[in-house]
Amino acid sequence: MSTNLIVIVLILYAFWGSILAFMSRRELRHSLIDYFLASNKLHWLTASLSYGATTYSAFMMLGLAGLTYRGGVGALGFELVYLSGLVWAVVLGPKIWKTGRGNHCVSPGEVLSVCHGSKLVGAFYALVSLAFLIPYSSVQLTGVGYLFETLSGGKIPYLFGVVIATALTFLWVELAGLRSVAVTDSLQAGIMMASALSLVFILVYRFFGGWGALFENIEIHYPTWLTVPGNGFFTFQTFLGLSLPWFFFSISNPQVSQRLLVPASLREMRKMLTGFLVYGFIYTLITVILGFSARALIPDLKNPDLATPTLLARFSLPTWVVLFSTLGIFSAAISTIDSILLTLSSMFTRDVLGTSSKNERQKLSLVRYVLIPVLCLSIFLFALARLNLIALLSVASSAGLIAVVPSFVGGFLLKRRNARAALGSILGGALVSFLFQLLNLKPLGLWPGVVTLIISSLLFGILSAFSPAGKKG
Amino acid sequence: MIFWVYFVLVFLAYVIPFTLLSGVTRISGSFLFWVIFAVLSLILLFKMMGTWNDEY
């Protein structure tokens, strides 16, 4: 692939994305609720596409395709279990939305603070989110760096992709907050879906002769890839360890739970979630089929994360498909990082610094000119470490953030509103997650995310039962 | 009611592929099962959201 072509396409993409982001500034009001929630005025389609682009990162085309390549159909089950986890957004969404609207909440941490009656809850949620989402964001940059390096045969250095992705992320967040993020996300969600569809259709029809032939190829040559545990990768413990944290993704990850505060009404929220569910189902199937295609076409890969880039680089695909797919992966990475940065800065401003609206303009300046640049720099520096574990690091962040789930479910669904229980479970769970992941501990074969959920649920239950501050709300 | 049916479905999504379908090395095995599971989940989620109204 010509290096010049890649650079030209990147420039065009950056130009049009930036035009959209600049145009979205016209609506910008100088308030935190506008910067972080677009004053609850996003069109449902924009909100839906942005939800999809935020949720689906470079992990899909690189990590999930790689997981399918390595372990087979278990990757499909894992990702569809994630999609079914939207039940938490459906069950808790209206309660979170109502609490947020009634109390002028901007961040999901504030919602949790209101629910449990203590600002400390939101503050600790913010700190835990910072600790686990910075590595997750940097993994997106790592994916972009590898992609350009592999596609250009090493001519485009890893650092180039990382720098471009960081710069665009910064620009598209800083310009108009959620307004610029959502509008560029919508463009990117379209690119992600269209590029993945065109790549898979061309691969399947050009190299296999159709869907039936691809599936027949897998059934004949890689039969164990169609079962679990199959070739041994997807043991039940691995499947549970990967999927359980993501089953709770829609409430544990603040960059997506914050989107439940955005719609103007529940009708709008229903449209947003419905659109996302359809988008997610199609995108998941396409990505998994991409992984199966890679398994059949390039069986000798040492690093499964490189399955998609290798398909793009090694096979005689039309140039526009290669460039479009590259852009799709790049888009998936940027659209996830920018939403995370926006959410983290909202949590830091509202949950850590406090909710006083006296210095609203000063706080907004702090967000735009200090927090967002510092967060960008942090993920950039983290990405320079070149951690070669896209899928596992992506799951690790959800394994840590799962510590917040008992506080959401306990507070909103079981109506056990108790600040001590929430604080204990968030802190205790996050610490357990961090230690278990650091030391690579898997007691009884249970992955850190599963252990974290068990420990944080126990802590929440015990503390809310015995704490004098506990009450049934 | 739908909520509990939903969780039975999720439970089956964990159990069936590792037991009944663990020996079915065809696309009509776990692959098809998980796709049907996802479609049913989506239908149930749409039904759950259908009960929302703005006076919530």
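Residues numbered from 1 in each chain as written. Chains lettered and ligands numbered in written order. Predicted model: local features only at pLDDT ≥ 70, side-chain atom pairs only at ≥ 80, totals over all residues. Heavy atoms only, no water.

*Asks:* Explanation requested: the overall build of chain A in the structure shown.
*Replies:* From N to C terminus, chain A includes 22 helices and two strands. The C-alpha radius of gyration computed for chain A amounts to 22 Å, which stays within 12% of the reference 23 Å derived for 473 residues, consistent with globular compactness. If one aligns the C-alpha atoms of chain A with their principal axes, the spans along those axes are about 65 × 55 × 40 Å. Sorting the 473 residues of chain A into buried and exposed places 64% on the buried side. In chain A, once contacts between residues fewer than 6 apart in sequence are set aside, the share between residues at least 24 apart is 84%. Per element, the accessible surface of chain A, about 15,800 Å² overall, is 67% carbon and sulfur. (Helix = DSSP H or I, 4+ residues; strand = E, 2+ residues; numbered from the N terminus. Rg over C-alpha atoms; globule rule 2.2 N^0.38 Å. Buried < 20%, exposed > 50% of the residue type's maximum accessible area, 1.4 Å probe, protein only. Contact = heavy atoms within 4.5 Å. Areas by Shrake-Rupley, 256 points an atom, 1.4 Å probe, with all protein chains shown as cover.)

*Asks:* What is the right way to read the packing of aromatic side chains from this model?
*Replies:* Any two aromatic rings considered together are summarised by their centre-to-centre distance and by the angle between their planes. Using the criterion set out here, one finds 42 aromatic pairs over all chains in the structure. Arranged with centres 5.6 Å apart and planes meeting at 55 degrees, the rings of A:Y146 and A:Y158 form a pair that is tilted. Of this pair, A:Y146 sits in helix 8 (residues 119-151) while A:Y158 is found in helix 9 (residues 158-174), placing the two residues twelve residues apart along the sequence. Note on accessibility: A:Y146 and A:Y158 belong to one class, buried. A ring pair is formed by A:F236 and B:F18, whose centres lie 5.1 Å apart and whose planes are at 90 degrees; its orientation type is edge-to-face. Separated into two different chains, A:F236 in helix 12 (residues 236-247) and B:F18 in the loop between helix 1 (2-15) and helix 2 (30-50) make up a pair that spans both. Clustering of aromatic rings is evident, with ring pairs tying together A:Y51, A:Y56, A:F59, A:F78, A:Y82, A:W246, A:F249, A:F276, A:Y279 and A:Y283. Sitting over the face of the ring of A:Y69, A:R295 holds its NZ or CZ atom 4.1 Å from the ring centroid. (Phe/Tyr/Trp six-rings, centres within 6.5 Å; stacked < 30°, edge-to-face > 60°. Lys NZ or Arg CZ within 6 Å of the ring centre and 35° of its normal.)

*Asks:* Whenever I open this one, the interface of chain B and chain A confuses me. Can you help?
*Replies:* Bring the parts together and some accessible area is lost; that lost area is often taken as the interface size. On the chain A side, the residues contacting the 33 residues of chain B number 46 residues. When chain B packs against chain A, close to 3,400 Å² is buried across both sides, 79% of that on carbon and sulfur atoms. Where chain B meets chain A, there are one salt bridge. Measuring nitrogen to oxygen at the nearest pair gives 3.7 Å for the salt bridge that ties B:R26 to A:E219. Secondary-structure elements contributing two or more residues to the side of chain B that touches chain A are helix 1 and helix 2 of chain B. No other element matches the 14 residues that helix 2 of chain B contributes to the side of chain B that touches chain A. In terms of residue class, the side of chain B that touches chain A is built from 24 nonpolar, seven polar and two charged. (Buried area = accessible area lost by both parts, 1.4 Å probe. Salt bridge = Lys/Arg side-chain N within 4 Å of Asp/Glu carboxyl O. Nonpolar A, V, L, I, M, F, W, Y, C, P; charged D, E, K, R; others polar.)

*Asks:* When you look at the side chain of A:S198 in this model, what are you seeing that I'm missing?
*Replies:* All names here are of chain A. Within the secondary structure layout, S198 lies in helix 10 (residues 178-208). Note on S198: relative accessible area 14%, which makes it buried. At 2.9 Å, the side chain of S198 and the backbone oxygen of A194 are in polar contact. Among residues more than four places away in sequence, those in contact with S198 are W320 and F324. (Polar contact = N/O pair within 3.5 Å; in protein donor to acceptor, adjacent residues only side chain to side chain.)

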